[in-house]
Amino acid sequence: PPVGPYFPGKRFCYGEPPGGQGREFPPGGIELIGAATAAADAEVIGMAVEALRALGVSTFQLNLGQVDFLKGMLNGMNLSAEGLAALEQAINRRSRVELERTLAALAITGDTAEAILALPSLCGDAEVIERARHLTGNPAAQAALDHLAQVYRLLALDGYADVSAATRQRVI
């Protein structure tokens, strides 16, 4: 059966903090282990939105992603775990220069490199998922996008995918 732990409390970043953030940060987390469905993902994201609202956070944005999309794009490249981690970090930092350096260091070139360079700009609503579909034809990457699209549809049905100008609360 699925398990749903949560973990509030302060955390410390021992490496270089992302995006100019401080070394100490107050995250909380919710996980649903043992249920790998779009409905489970949407449920956890909905809980996160409700937790933020309950805490009185009036301005926030949650960005959805799917690591299997990237893994699908890289299928057959035999990257090490360290190489994949460096690539994910460069994408998350949204630094084109760092991402170009990482791609060069990993010898990723051509259409795959161009598609990966586009990833940091994929922000927005459900339309972004359709834009991402054009970056690769890899079946695993397309399946990851199908999953993400289903999560987004479920969030929209529950009213979590809407942008509210009054509260500036957004889940994408």
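It should be emphasised that the depicted structure is a prediction, and the values quoted were computed from it without experimental measurement. (Residues numbered from 1 in each chain as written. Predicted model: local features only at pLDDT ≥ 70, side-chain atom pairs only at ≥ 80, totals over all residues. Heavy atoms only, no water.)

**As for the nonpolar core**
(1) Moving on: In this structure, Phe69, Leu70, Leu87, Leu99, Leu103, Ile116 and Leu119 are the most contacted members of the largest nonpolar core, which totals 35 residues.
(2) Moving on: Those elements that provide at least two residues to this core are α1 (38-54), α2 (67-73), α3 (81-93), α4 (96-105), α5 (110-118), α6 (127-133) and α7 (139-157).
(3) Moving on: Take this core: its biggest share by element is eight residues, from α7.
(4) Moving on: If sequence neighbours within four positions are ignored, leucine 103 has contacts with Leu87, Ile108, Ala113, Ile116 and Leu117. (Core = buried A, V, L, I, M, F, W, Y, C linked by side-chain atoms within 4.5 Å. Buried < 20%, exposed > 50% of the residue type's maximum accessible area, 1.4 Å probe, protein only. Helix = DSSP H or I, 4+ residues; strand = E, 2+ residues; numbered from the N terminus. Contact = heavy atoms within 4.5 Å.)

**Notes on α5**
(1) Moving on: Within the span of α5, buried status applies to Ala113, Ala115, Ile116 and Leu117.
(2) Moving on: The elements touched by buried residues of α5 are α2, α3 and α4.

**Section: the side chain of threonine 102**
(1) Moving on: When you line up the elements, threonine 102 lands in helix α4.
(2) Moving on: For threonine 102, a relative accessible area of 12% translates into the label buried.
(3) Moving on: Ignoring any residue separated from it by four or fewer positions in sequence, one finds threonine 102 in contact with Ala86, Leu87 and Ala90.

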